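Breakdown of the fold
What follows is each chain in one-letter form.
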Amino acid sequence: MVPPSRGRPGRRHGNQNRQSQVSPFPAPRPQGIAAFLNPVRKDPARNPGSGFCFAMTINWKKLNPAQRDAVKAVKGPVLVVAGAGTGKTRTIAFRTAHMLETGIAPESILGITFTNKAARSMRERVSGLVGRDTAARIPLSTIHSLCARILREDIAALGRDPQFSIFDTGDQISLIRTAMAEHGLDPRRNDPRPLQFRFSAVKNTGDADRAFDDPQTLAIYNRYNALLQKNNALDFDDLLAFAARLLRERPEVLAKYQDRFRFVMVDEYQDINNVQYELLFLLARAHRNIYAVGDEDQSIYGWRGASMDHIRNFEKAFPGARIVKLERNYRSTQQILDASNLLISRNTGRRDKKLVSALGPGFAVRVLAAASDRDEAAAVIDRIISEKHKARLRLSDFGVLFRTNAQSRIFEEALIARGIAYVLVGAAKFYERKEIKDLLAYMRFAANPQDAAALDRIINYPARGIGKKSVDAIVDFAMAHGQPAGFVLRDEAMLAQLPDRARAGVESFTRIMDEFRERSSRRPIADSVRWLIEKLDFKQALEKASDDVNAARRRLENMRELVSSLADYESVNRDASLAGFLENAALLTDERESDDDLKEDSVALMTLHSAKGLEFTVAFVVGCEEGFLPHDRSMDTDEEVQEERRLMYVGMTRAMKRLFISWCGARRKFGAMVRRKPSRFLKEIESLVEYDDPGEVKDEARSAYADIAKSQMERFRQLFQDK
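The structure reproduced in this document is the subject of the present report. Note that the structure is predicted; figures quoted are calculated from it, not measured.

For I466, the location among the structural elements is in the loop between helix 19 (452-458) and helix 20 (468-480). The spacing of I466 and A502 is 36 residues in sequence and 4.5 Å in space, taken between C-alpha atoms. Not counting residues up to four positions away in its chain, the partners in contact with I466 are I459, N460, V471, A502, G505 and V506.

In this section: the pairing of strand 1 (residues 78-82). In terms of burial, strand 1 is largely enclosed, as five of its five residues are buried. Every second residue of strand 1 is oriented toward a common face, with V78, V80 and A82 on one face and L79 and V81 on the other, all of them buried. Here strand 1 pairs with strand 7 (residues 290-294) via four bridges, running parallel. Each residue of the ladder has a partner; that of V80, found in strand 7, is V293. Across five bridges, strand 1 lies against strand 8 (residues 322-326) in parallel orientation. The residue of strand 8 that forms the bridge with V81 is K325.

The seven strands are arranged 13-14-12-15-16-11-19 in an open sheet whose pairing can be described as parallel. Of all the strands in the sheet, the pair left with one neighbour each is strand 13 (422-424) and strand 19 (689-691). Adjacent strand axes in the sheet meet at a mean angle of 25 degrees when their direction is disregarded. In terms of strand pairing, strand 12 (residues 398-402) meets strand 14 (residues 603-607) through four bridges, oriented parallel. When the sheet's bridge partners are listed, V400 is paired in strand 14 with L605.

On to the side chain of E296. Note on placement: E296 falls in the loop between strand 7 and helix 13 (309-312). In this structure the side chain of E296 is engaged in a polar contact, spanning 2.7 Å, whose partner is the side chain of R351. Residues in contact with E296, not counting those within four places in the same chain, are V81, Q270, M308, I311, R350, R351 and R646.

Before going further, it helps to spend a moment on the sheet that holds strand 3 (residues 140-142). The sheet built from six strands is open, its strands ordered 3-2-6-7-1-8 with parallel pairing. Strands with a single pairing partner mark the edges of an open sheet, and in this sheet they are strand 3 and strand 8. Sheet twist, expressed as the mean angle between neighbouring strand axes with direction ignored, is 15 degrees. As defined by bridge partners, strand 2 (residues 109-113) adjoins strand 3 across three bridges and the pair is classed as parallel. Counted as the bridge partner of T113 is T142 from strand 3. Sitting on the sheet, helix 1 (residues 65-72) is in contact with strand 1, strand 7 and strand 8, with an inclination near 145 degrees to strand 8.

Cut-off values and rules
Residues numbered from 1 in each chain as written. Predicted model: local features only at pLDDT ≥ 70, side-chain atom pairs only at ≥ 80, totals over all residues. Heavy atoms only, no water. Helix = DSSP H or I, 4+ residues; strand = E, 2+ residues; numbered from the N terminus. Contact = heavy atoms within 4.5 Å. Buried < 20%, exposed > 50% of the residue type's maximum accessible area, 1.4 Å probe, protein only. Pairing = 2+ DSSP bridges. Axes fitted to C-alpha atoms, helices over the stretch in contact; angles between N-to-C directions. Polar contact = N/O pair within 3.5 Å; in protein donor to acceptor, adjacent residues only side chain to side chain.

None of this, on its own, says anything about what the molecule does.
Here is the structure:
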């Protein structure tokens, strides 16, 4: 039995500066053919209706009995309850290959994930099994990407323009600020982010008229949506809501996609919300060929609308469903799993399962109890130094996991003081950097002249003499004539109202945009963006905006990296377009600018939510105290505490060989030391853990330092002897 293949501990796969865009119909990067499948001949079919033929032989011995059952379950509704580390990605990939083996057309198999990383991983696995050309024909995508594709094709049936922009969080906040100001709520004194969170929840769960308890918030919500429509834009939640409405209200459109996607596979089913459930239910209703993979014990996104009811009630939604459990774990040793199993067994309403390790018993879970937060950080770092030296590990084999971002500070300071490299996972995303958003705004406005948010960002950047008064005059003229601001930039009556310098700036801007649109209509599109960077002299603009020449250089390099990303997109998409690239860029919501750093030898610091999907040779779950885990804002109901317990479980099951859990008796808060109590979750597993002696750990760390120093001295001595 061979364990499922995995990346190196703590890695997020793929270069996230050159982000590969995941859409429902991309062609993947070249992959080698895995030893598990032996294609006999290439598929001759080009039309899904012509009868697909692809002969291959699956080596069933490479799968355990439960995985084989899951792979062979092709027809009808199937729920695969896949525990942590049980090889679910391998199982889905082999099932896809088996479906092709039975003659199912690749175009009829819809694979849905919820992150771009997961979609890329799935495509790579499938490509390795069936080859690049066949895998390219299988629509594997994120659910947001699928919805965007559906809406590009058919949103006109709802009276909307298919050339819509997709607004990211920053664009949404900007519109909410405008809506707040128009309805008497000062956005400078009232943070718009809570409203953005509430608006998102409403779009994912229900009726706005009943969701808001005050008329002012409802008015702001309605104005926000009106501004989106005015910009011919959708936010991320609109992609799902409009797609669901389209399938619900237009039977002919629903029938088209039901006929196109006769087999629906969904990963991370435990995390779907009500709108996503409706979409999947509608798509699968006609043929009932839905294959859901998930794990109730890893459902940790209730706070953003995910509902466990959908996985709990799968058999009710799809009568006659088959349930397959994957319980053989290939990631963690048994003592880690025993403690994890014991913890999660306290939750109710879950399907009973028990993870069994393929890796042997391993070491006991150990608890580090410290007097203060600084002592806790010191103890964790002492243990990192000790384990690294004893087991000859790399720093990148260690992950420090915490409940909230604020907890990272004390560990960052301690690591810096010891001279130990670290990376904080979840730092600024590549596509959220200012220079990238500026360049994307030019591209967005070229693709959608109604995008007022993009126009506002770029009309005077780099500076071209168009001041705020002139911008206001353009907007006022556009509103008076009932047109988007982008449509009046050539209007002579409008231009006549502007000062000479501003008029010249507007005319220069429109000439550049006209040429950019013309250039970007030809391939390669990347050349047109490269031309735009040079034409606008972004190099000079960035240098003027910063006293740090190196910082300006890095920002220009980021712009060039965006061009590389566009070139990558073109290389794997035969029907590449500027609008298509922008759509994919907007949908890269789960990518973090941590991948390049994680390639270095660094300790990884991250929240428990960020850790899902990762694994570490040695993992530390820190700050395991009442108020942190469970969090004090998630202790009001039993269901909230159960989700916090699941979050703890997710953190524990990231560990491969060693798991340490830490807490402290006092923590500094607002300058004063506050007493802390160990988490109730620690008490629930106390029969299966051992406690570290801080003195022994410190001695081990000192010994490790001494050995390292001795080894370095020996190297220096040998070096001089050789000379």
